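# What the coordinates show
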Amino acid sequence: MNRRQFVGGSIGIAVGLGVLGPAALPSPAPATLSRFFAHGVASGDPLPDAIVLWTRVTPVPLATPGSGVGPNVSVRWQISELSDFSLVADSGILSTGPARDHTVKVDAQGLKPGTDYYFRFIADGHESPVGRTRTAPAPDSDPGELRFGVVSCANWQAGYFTSYRHLAERGDLDAIIHLGDYLYEYQPGKYSYGHNNRDIRRHEPPREIITLADYRERHGQYKTDPDLQALHAVLPFIVTWDDHEVCDGNWANGAFEHQGNEGSFAARRRAAQRAYDEWMPVRISGTAIIGDGSRMYRRLQFGTLADLSMLDLRTYRSERVDPDDPAIDSPDRTITGRRQLGWLEEHLSRTPVRWKLIGNPVMVAPVMLPPRPTAEQYALSQTVSFTPLEPSAPNTDVWDGYTADRRKLLDHLVEEKIEDVVFLSGDVHTAWANDVPAAGGTSVATEFVCSSITSNNVDDFIGVAPRTLSLSLEAAIQTENPHVRFVNLDEHGYCVLQVTAAKVQMDWYAISDRADEHATSRQLTSWTVASGTARVQPTTRAILA
């Protein structure tokens, strides 16, 4: 059974149960599955011979996420090329309990490269749904083509995650790249749907999350979404965090949203990162062992065609400054931290692959936001910065606020004659296709920015119909920034990225309405970059599933 057949045959069950399981799977009954494995199954960080597998068990009804109660449980896991598990490639037993919020995360090893696998968990006589995943190609192989879903900024209160459902139904993807803001920390009534902040769904716990128990409960809530469960169950995720996984506007020693009466920021970040480690199918500090470190930046290789460097642009960054602060250009300020930037530069100089993809939580291309009326300035400030922007000002929460790091990185590309670098960015809730100029204006890389799954964008904050006032804003942005080849400030949705030796292409898809749990999607636009050009170009031909 290939990927398309597996997804097509299972997606109906995923929608009905909130989890995936082949129709041929015998007992336990769906109701039992729903309770014991209520948060589904997931996989992530595919290597040629290994992949992270994840689930959570609820051994007794009171053992809810963040509760800290419930017995320890032994969980058996299996991974197989065969859907009936008659030949198991790797397996093991892991004990879980309240100390790790009853989560299970393991690194299945000894696998074949470029291969589809099925996986499941068994505990106390209960079987989990069956998931599907896929290993990366062998390092010295040419896969010919890679396809990824690209997403960011999924706010539970601002709408339904229908974009995840549309990606799960495609059946042609190798993995999902999630660029951050997988969840949001806000209380009900804040940063929700549209101009009036209407809660489409209410966050639990019903407050801004601060403690370890809070973050665990919020992760658990997000993992009950049926569309997110369906996508996790059919594709491995490759993730990084942005700010909302901890707190809005966080930097190395604080956060815009963290207040003095909320206790120690360092303790809050430790709690947030611990819960993230428990609940996400990711290797942190190189392992799937929970609590084994906090280093998020890492790299995955996909044969000789491409590799993907996933950056952490919150943990090591200097505090944000205002646009008119001379310190904005100081070499003492950093967005990456010196060690991470050196790691990235060294790799870009040595990698043998053709395409160097960089998972980049915040925009790298320089953008001056043009003078606009006050209401429009406010709307832009809510999607690309924290405070109302002065005319023709940069957004200092992205690489524009850390120009020394960006200049050093782009100069490195020029000096080392490094080609075919593509930044994949999120955070700003809007869609962009950019050339990335170095000093002198020559484009040395390209950037594709995905819009948000649900989080508000410009028309939402202004409180106007989409494709009205935003049209003049988009035109003004492109006039002032000619390297911005495409920008859409209104639509919500997801992206599909195709990588071949000749080119990289991104398709943007827009959903019909975040408030509709059955929202449809349509192709918004498509842009490509040909190998050796460092310039994006439009195309009308979508990547067909």
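That block above? That's the structure.
Residues numbered from 1 in each chain as written. Predicted model: local features only at pLDDT ≥ 70, side-chain atom pairs only at ≥ 80, totals over all residues. Heavy atoms only, no water.

## A short note on the packing of helix 3 (residues 162-170) against helix 5 (residues 226-234)
Close contact between helix 3 and helix 5 brings their axes to 7 Å; oriented N to C, the two are set at 30°. Put simply, helix 3 runs roughly parallel to helix 5. For the pair helix 3 and helix 5, the crossing hand works out as left-handed. Contacts between helix 3 and helix 5 involve Thr162, Tyr164, Arg165, Leu167 and Ala168 on the former and, on the latter, Asp227, Leu228, Ala230, Leu231 and Val234. Residue composition of the contact of helix 3 with helix 5, grouped by class: seven nonpolar, one polar and two charged. (Axes fitted to C-alpha atoms, helices over the stretch in contact; angles between N-to-C directions. Helix = DSSP H or I, 4+ residues; strand = E, 2+ residues; numbered from the N terminus. Parallel < 35°, antiparallel > 145°, perpendicular 65-115°, else oblique. Left-handed = near helix turned anticlockwise from the far one by under 90°. Contact = heavy atoms within 4.5 Å. Nonpolar A, V, L, I, M, F, W, Y, C, P; charged D, E, K, R; others polar.)

## Here's the deal with unusual backbone geometry
Note the cis peptide between glutamate 204 and proline 205, where omega equals -5°. Relative to the assigned elements, proline 205 resides in the loop between strand 10 (175-178) and helix 4 (212-222). A positive phi angle is found at aspartate 427, which is not glycine, with a value near 80°. Structurally, aspartate 427 can be placed in the loop between strand 19 (421-425) and strand 20 (431-437).

## Some words on the sheet that holds strand 15 (residues 306-310)
One open sheet holds the seven strands; their spatial order is 14-15-16-19-21-20-22, and the pairing between them is mixed. Sheet topology places strand 14 (298-302) and strand 22 (484-488) at the edges, where each strand pairs with a single neighbour. Averaged over all pairs of adjacent strands, the angle between their axes in this sheet comes to 20°, without regard to strand direction. Here strand 20 pairs with strand 22 via four bridges, running antiparallel. Across the sheet, residue alanine 431 finds its bridge partner in strand 22, namely asparagine 488. This element, helix 7 (residues 338-350), spans strand 14, strand 15 and strand 16 (355-360) of the sheet and lies at about 175° to strand 15. The strands touched by helix 9 (residues 403-415) within the sheet are strand 19, strand 20 and strand 21 (443-449), with strand 21 carrying the most contacts at an inclination of about 130°. (Pairing = 2+ DSSP bridges.)

## Considering the packing of helix 4 against helix 6 (residues 265-279)
In contact at an axis separation of 8 Å, helix 4 and helix 6 are set at 35° when each is read in the N-to-C sense. In this structure, the crossing between helix 4 and helix 6 has a hand that is right-handed. In this structure, helix 4 uses Leu212, Tyr215, Arg216, His219 and Gly220 to contact helix 6, whose residues at the interface are Arg268, Ala271, Ala272, Arg274, Ala275, Tyr276, Glu278 and Trp279. For the contact of helix 4 with helix 6, the residue count by class is seven nonpolar, two polar and four charged.

## Thoughts on the pairing of strand 15
Summarising burial for strand 15: five of the five residues are buried, a large majority. Neither face of strand 15 is open: one carries Ala306, Leu308 and Met310, the other Asp307 and Ser309, and all of them are buried. Alignment of strand 14 against strand 15, held across five bridges, turns out to be antiparallel. Residue pairing for strand 15: arginine 298 is matched across the bridge by methionine 310. Between strand 14 and strand 15, which follow one another and run antiparallel, lie three residues, and glycine 303 among them has a positive phi close to 65°. Bridging between strand 15 and strand 16 involves five bridges; their strand directions are parallel. Within the sheet, the bridge partner assigned to aspartate 307 lies in strand 16 and is lysine 356. Taking the sense of rotation as the criterion, the β-α-β connection linking strand 15, helix 7 and strand 16 turns out right-handed. (Buried < 20%, exposed > 50% of the residue type's maximum accessible area, 1.4 Å probe, protein only. Right-handed = clockwise from strand over helix to strand, strands pointing away.)

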